[in-house]
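Coordinates in review
Residues per chain, in single letters:
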Amino acid sequence: MELISPTEFAKETVNSVQDYFLLATQSVANLFRKPRYFADMIQQADLIGFGSLPIIVLTGLSIGAELALNSANTLERFGSLSLIGQLVSVGMVRELGPIITGLMVAGRNASGMASELGSMVVTEQIDAMRALGTDPMKKLVTPRVIATTVMLFFLTIISDLLGLFGGAMVSVLLFGLDWHQYWDTAYQTLVFQDVFMGLMKPLFFGFIIATIGCYYGTTARGGTQGVGRATTQAVVASSVLILIVDLFITKFLMAVFAYR
Amino acid sequence: MAAPPTAIEQSAPSETGASANVIVFENVSIAFEGKTVLDGISFHLERGETKAILGIAGSGKSTILKLSLGLMRPDDGHIYVLGDDVTQMREDDLFELRRKIGMVFQESALFDSLTVRENVAFRLLEEGHVSEGAIEEPVREALSFVELENTVDKFPSELSGGMRRRVAIARAIITHPEILLYDSPTGGLDPVTSTTIIELIVKQRDVYKTSSLLVTHRIQDTFMMATHYFDRKVNKMLPLPKGARGEVPMTFLILRDGKIIFDGDVNQLVHSKDEYLKEFIS
């Protein structure tokens, strides 16, 4: 492996960050410039949204069920098993729903975008598109960014609901909790701030997933090996960034809402 | 009507002056990772002319095409394409200019998720001037030019290498561009398929008289182009009679170590006393 000087490394890092921010800004700015590719946005929304549904259904259900299963043990010790709905509800809506959905979609779609765009780069299809008078940023990047941001919002809602349902199944079937009592406590405990926080996050996460996926795809170099590297980097970078951004959003919104 | 060969002694009628030039390179230099690839090169392509760019691998042949399209920017110098300085243009303005230029990429660069029909019609659909239904006729016309009408519903992966090149040519010519750029159109193909591709390029040159830059390392292909013409009566490429030349001017540009070492016609090339050129064309 070739060693690189610290100055060179710093330069490359700054360049990469600059290029990423340029891509992210352009992807949004293109919404206000013609041509707009609505058909491509719908197609991407179908691929990203509907395509991710099975994995979101499975993870949502299992995370909710596991949350209920793990917390029930502790709650039972304090004789507060009835609070299980409350715990699952707050945990899923405020934190686990958005983060798990974000990570799942990152694993599935950031890699997909990086490999698809990366393959197009190394086979000169991106250059061909530019040569044919079409802006790849408008045609390929913006539809993916918009579709991922919008669809992650809805996927998170589905994940939250299924998590609550998974928790309900465990609570009712394993711990004999009353079905109505579970849903009543789950519903009553949620306040506007919880829902707002839970639904704000996927908007950021979706943007991160798509822009990171597209960035690594469009900057892929070095043939099939380069595409493989770009795919891995896209998943790692988007997952790490989701976790970091989540921390800051949570802290920020807690401060804004003077959280309890 | 066939392009009638003209006697080589007669001077072929050609416009002179800047307006007759569709591409002008002025002292263009570019380097990659500290290695100079093009070192202050200057040349021009006249309207209707076909210029073959030759050189060894890595001599910057394909870079010239990408620079002409504004896909890359030079470190120094100016490039005028259809009167516009592409080195100074914004990317948005370049997209407008690129619509007047067709390019055939080295490995075809067809969109692998689109069918042949969608690939060929890509530019028409993107420009938005025609409906999905109205693209059928120009697509058929472009594909019939390359004799691949029966492949419209196939995907690029279902085609052979030669067929993919032909589809790429159809995609490039569908809007009848003012300039055509060919990047090693016969690279990696067998001799028979190469001849088929060259015949299509000669057909395009002699029928539509589109100004073209053709990059290749296969000198035999360019000699074939210079010594043949397309006869529309018999729909075939035929050799020019001895001592005659085609109606469309064909020139050669040879690169070495980032510099142009030859820019002239086939007659000048074969009579060159330069040892390197002699070896290059032997």
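About the criteria used
- Residues numbered from 1 in each chain as written.
- Chains lettered and ligands numbered in written order.
- Predicted model: local features only at pLDDT ≥ 70, side-chain atom pairs only at ≥ 80, totals over all residues.
- pLDDT = per-residue confidence, 0-100.
- Contact = placed C-beta atoms within 7 Å.
- Nonpolar A, V, L, I, M, F, W, Y, C, P; charged D, E, K, R; others polar.
- Buried ≥ 20, exposed ≤ 12 C-beta atoms within 10 Å, placed from the backbone.
- Helix = DSSP H or I, 4+ residues; strand = E, 2+ residues; numbered from the N terminus.
- Pairing = 2+ DSSP bridges.
- Axes fitted to C-alpha atoms, helices over the stretch in contact; angles between N-to-C directions.
- Bend = angle between axes of the 7 residues up to and from the residue.
- Parallel < 35°, antiparallel > 145°, perpendicular 65-115°, else oblique.
- Left-handed = near helix turned anticlockwise from the far one by under 90°.
- Core = buried A, V, L, I, M, F, W, Y, C linked by C-beta atoms within 7 Å.

**Structural notes on the confidence of the model for chain B**
Residues and elements named next belong to chain B. Looking at chain B, the pLDDT average stands at 86 and 93% of residues meet or exceed 70. Confidence drops under pLDDT 50 across residues 1-18; counting only partners more than four residues distant or on other chains, this segment forms 34 contacts. Across the interface, the model reports ipTM at 0.83; the global pTM reads 0.85.

**Re the interface of chain A and chain B**
Residue-level contacts link 11 residues of chain A with 13 residues of chain B. For the side of chain A that touches chain B, the residue count by class is three nonpolar, four polar and four charged.

**A few points about helix α1 (residues 61-68) of chain B**
Residues and elements named next belong to chain B. Counting buried residues along α1, seven of its eight residues qualify, which places the element largely inside the surrounding structure. All of the buried residues along α1 are K61, T63, I64, L65, K66, L67 and S68. At the C-terminal side of α1, G70 shows a positive phi close to 75 degrees.

**Concerning the sheet that holds strand β3 (residues 35-46) of chain B**
Residue and element names in this part refer to chain B. Spatial ordering of the open sheet is given by β3-β2-β5-β6, a layout of four strands whose pairing is antiparallel. Of all the strands in the sheet, just β3 and β6 (84-85) have a single pairing partner and so form its edges. As defined by bridge partners, strand β2 (residues 21-32) adjoins strand β5 (residues 76-81) across five bridges and the pair is classed as antiparallel. For S29, the partnering residue across the bridge sits in β5 and is D76. Docked against the sheet, α1 engages β2, β3 and β5, running at close to 120 degrees with respect to β2.

**What about helix α3 (residues 84-122) of chain A?**
Residue and element names in this part refer to chain A. At M92, α3 is deflected by roughly 60 degrees, the largest bend along its length. Of all 39 residues that make up α3, 31 are buried, and the element is covered over most of its length. Once α3 finishes, E124 follows within two positions and takes phi at roughly 65 degrees, a positive value.

**Let's talk about the packing of α3(A) against helix α8 (residues 223-256) of chain A**
For any two helices packed against each other, one specifies the inter-axial angle together with the distance between the axes. Residues and elements named next belong to chain A. Running from N to C, α3 and α8 cross one another at 150 degrees; their axes reach a closest spacing of 8 Å. Here α8 runs roughly antiparallel to α3, going by the angle between their axes. Taken as a pair, α3 and α8 cross one another with a handedness that is right-handed. Here I99, G102, L103, A106, G107, A110, S111, A114, S115, G118, S119 and V122 of α3 lie close against α8, whose contacting residues are G223, G226, V227, A230, T231, A234, V235, S238, S239, I242 and D246.

**A short note on the nonpolar core**
In this structure, I53(B), M103(B), V120(B), A170(B) and L181(B) are the most contacted members of the largest nonpolar core, which totals 71 residues. Among the elements that line this core, the one with the most residues is helix α6 (residues 161-173) of chain B, at seven residues. Those residues within four positions of A170(B) in sequence are excluded, and the remaining contacts are V120(B), A142(B), L143(B), F145(B), V146(B) and L148(B). Formed by 54 residues, the second largest nonpolar core is a distinct cluster that contains L67(A), L96(A), A110(A) and Y216(A).

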